[in-house]
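Overview (structure and organization)
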Amino acid sequence: MDLSYTPEEEEFRARLREWLAKALPGLPPKPSPDDWPGRRAYDLGWQRMLYDAGYAGLHWPADAGGRGATPTQHLIFLEETEKAGAPYVGANFVGLLHAGPTIAAEGSAEQRARWLPPVLRGEEVWCQGFSEPDAGSDLAALRTRARRDGDDYVVSGSKIWTSHAEVADWCELLVRTDAKAPKHQGISWLAMPMDAPGITVRPLRTLAGSTEFAEVFLDDVRVPVANRVGEENDGWRVTMVTLSFERGTAFVGEVVACRRVLGELAREARKNGRWDDAVLRRRLGRLNAELRALWRLTQWNVSESERSGGVPGVGGSVFKLRYSRARQDLYDAAADVLGAEALDLDSRWTLDRLSSLSYTIAAGTSQIQRNIVAERILGLPKGR
């Protein structure tokens, strides 16, 4: 992989910087963390600005509504927007980073035309209905049933940790369409409208005080068969495409953010005298090396996904495993640098530290990632 930048890529960077310098001062104030309708409006407004400027879905294929940018241009976009302090995808993350890319890769022409443009234009929000209360880390053990009734599926069951369900228009939903099939073979991937009768959403409050997750209860919810992405009972394969995006490319922007946070910690340590501690300096240096290595791995994964038709490979599990640990180590180090400030419940450092604890669970637990690496990359036999 060539890690140097071409003149065209540097020109792209310069244009992006110029646009960000003009666009960001015009943003409205950020809403309260508890104001989810306000946060939805804010995030969709930013997405619309990106769309109007030609930066929405930058790395999506052109026939899916994106710009078909190169992997390097995509990484430049993430670097520059993070450095400029631009908003993150926020409530749009499932649609932009998970459901949208899955539909672009696996959906029919009609499905792509219906669902992708509203995501890119900042008009619709998606949530993820994968996890279930009794399935734990075994996603294939899901029990939510979908019974075929004419042109509809009738869906009953429940989901948990459903991201942004309270403000979503659509849900990428996994259901069991064949109870008699082996558990990995009887699953289908549906796009469920969140305003359908029979859906109950109950927000969950996290340790950090956020309500970005919810329980979702489904009582005979009718979902058109036309909303199934992929063939019936082939949903596990489609789900692996979704998870490839979730683990392989969805966290890319966060690596840039962590590198920025590390720089802030180093500057703070120099100000408050903690920089004199050789052990702390060594710790921050190791984190710098770790995050630089993760950024190189990110570049490799993004380039690999381009060569494989746009779908990331199992290398995303290596990245997810290391990134989850590195993020927790980063905020452990923050506690050493900041001292009592890191315990202030109103401090962003405290909230980010609490949030970091979830990363060894989110998008597949670290235990699951180790199994994937062992079996699919190293070729080791399955554990008993």
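Throughout what follows, the structure given in this document is the object of discussion. (Residues numbered from 1 in each chain as written. Predicted model: local features only at pLDDT ≥ 70, side-chain atom pairs only at ≥ 80, totals over all residues. Heavy atoms only, no water.)

Broken down by element type, the protein carries 11 helices and 8 strands. Of the contacts formed within the protein by residues at least 6 apart in sequence, a portion of 72% connects residues at least 24 apart. When the accessible surface of the protein is summed, it comes to about 18100 Å², and 52% of that surface belongs to carbon and sulfur atoms. (Helix = DSSP H or I, 4+ residues; strand = E, 2+ residues; numbered from the N terminus. Contact = heavy atoms within 4.5 Å. Areas by Shrake-Rupley, 256 points an atom, 1.4 Å probe, with all protein chains shown as cover.)

What the rule picks out here adds up to 26 salt bridges. For E10, the salt bridge goes to R13, with nearest N and O atoms at 3.3 Å. Separated by 3 residues within a single helix, E10 and R13 lie in helix 1 (residues 7-23), roughly one turn from each other. Overall, the relative accessible area of 37% leaves E10 in the partly exposed class. On the basis of relative accessible area, R13 is assigned to the buried category, the value being 8%. (Salt bridge = Lys/Arg side-chain N within 4 Å of Asp/Glu carboxyl O. Buried < 20%, exposed > 50% of the residue type's maximum accessible area, 1.4 Å probe, protein only.)

This next bit is on the nonpolar core. Membership of the largest hydrophobic core comes to 70 residues, with the highest contact counts inside it found for W19, W46, Y55, W126, W189, L265 and L330. No other element matches helix 9 (residues 315-338), which puts 9 residues into this core. Among the nonpolar cores identified, the runner-up in size contains 23 residues, and A91, A165, C171 and V225 belong to it. (Core = buried A, V, L, I, M, F, W, Y, C linked by side-chain atoms within 4.5 Å.)

Take a positive patch on the surface next. Taken together, the side chains of K83, R259, R292 and R296 make up a positively charged region of the molecular surface. Of note, R292 is situated in helix 8 (residues 278-307). (Patch = residues over 30% accessible without salt bridge, like charges linked within 9 Å, V, L, I, M, F, W, Y side chains within 5 Å. Lys, Arg positive; Asp, Glu negative; His and termini not counted. Charge placed at Lys NZ, Arg CZ, Asp CG, Glu CD.)

This part takes up the packing of aromatic side chains. By the definition in use, this model includes 8 aromatic pairs. Considering the side-chain rings of W115 and W170, the 5.5 Å spacing of their centres and the 70° angle between planes classify their relative orientation as edge-to-face. Taken as a pair, W115 in helix 5 (residues 109-121) and W170 in strand 4 (residues 170-176) lie far apart in primary sequence, 55 residues in all. Judged by its relative accessible area of 3%, W115 falls in the buried class. Consider the rings of W161 and F213, whose centres lie 5.9 Å apart with planes at 90°: the pair is edge-to-face. With a gap of 52 residues between them, W161 in the loop between strand 3 (152-159) and strand 4 and F213 in strand 7 (residues 213-224) connect regions that are remote in the sequence. Judged by its relative accessible area of 47%, W161 is partly exposed. (Phe/Tyr/Trp six-rings, centres within 6.5 Å; stacked < 30°, edge-to-face > 60°.)

As a further point, take helix 4 (residues 93-106). Under the 1.5 Å per step criterion, the end-to-end length of helix 4 is 19 Å for 14 residues, consistent within 8% with the ideal 20 Å. At A99, helix 4 shows its maximal bend, which comes to roughly 40°, and the proline P101 appears one to four places after that position. Restricting attention to buried positions, one finds in helix 4 the residues V94, G95, L96, L97, H98, A99, G100, P101, T102, I103 and A104. (Expected span 1.5 Å × (residues − 1). Bend = angle between axes of the 7 residues up to and from the residue.)

With 7 of its 7 residues buried, strand 5 (residues 187-193) lies for the most part within the structure. Neither face of strand 5 is exposed, since I187, W189, A191 and P193 on one face and S188, L190 and M192 on the opposite face are all buried.

Another point: the side chain of S163. By the element assignment, S163 lies in the loop between strand 3 and strand 4. Once residues within four sequence positions are removed from consideration, S163 is found in contact with F93, V94, W126, C127, Q128, E212 and F213.

What follows deals with the pairing of strand 7. Summarising the sheet, strand 3 and strand 7 pair through 7 bridges and their orientation is antiparallel. The residue bridging V155 from the neighbouring strand is V221, located in strand 7. Where strand 6 (residues 199-204) lies against strand 7, 6 bridges are found, and the strand directions are antiparallel. In the sheet register, T200 faces strand 7, and the bridge partner there is F217. (Pairing = 2+ DSSP bridges.)

Take helix 1 next. Turn by turn, an α-helix covers 3.6 residues, leaving residues three or four places apart pointing in a common direction. Compared with the 24 Å implied by 1.5 Å per residue over 17 residues, the 24 Å span of helix 1 between its first and last C-alpha is a close match. Looking only at helix 1, the buried set comprises E9, F12, R13, L16, W19, L20 and A23. Along the long axis of helix 1, the arc covered by the buried residues comes to 130°, so they all point the same way. Relative to its buried face, helix 1 has exposed residues pointing more than 90 degrees away, namely P7, A21 and K22. Among the structural elements, helix 2 (36-53) and helix 3 (71-83) are those in contact with the buried residues of helix 1. (Arc of directions from axis to C-beta.)

On to the packing of helix 2 against helix 5, then. The N-to-C vectors of helix 2 and helix 5 enclose an angle of 100°; their axes lie 7 Å apart at closest approach. Our classification of the angle between helix 2 and helix 5 gives roughly perpendicular. Of the residues in helix 5, those in contact with Q47, R48 and Y51 of helix 2 are V119, L120 and R121. A breakdown of the residues in the contact of helix 2 with helix 5 according to their chemical character gives 3 nonpolar, 1 polar and 2 charged. (Axes fitted to C-alpha atoms, helices over the stretch in contact; angles between N-to-C directions. Parallel < 35°, antiparallel > 145°, perpendicular 65-115°, else oblique. Nonpolar A, V, L, I, M, F, W, Y, C, P; charged D, E, K, R; others polar.)

This brings us to the packing of helix 4 against helix 5. The contact between helix 4 and helix 5 brings their axes to 10 Å, and the two run at 155°. Taken together, the axes of helix 4 and helix 5 are roughly antiparallel relative to one another. The interaxial crossing formed by helix 4 with helix 5 has left-handed handedness. Contacts between helix 4 and helix 5 involve G95, L96, G100, I103, A104 and A105 on the former and, on the latter, Q111, R112, W115, L116, V119 and L120. (Left-handed = near helix turned anticlockwise from the far one by under 90°.)

Within the secondary structure, G129 is located in strand 1 (residues 126-129). Sequence separation of G129 and E215 is 86 residues, and the distance between their C-alpha atoms is 9.3 Å. Once residues lying within four places of it in the same chain are set aside, the contact partners of G129 are K159, T162, C171, E172, L173 and L174.

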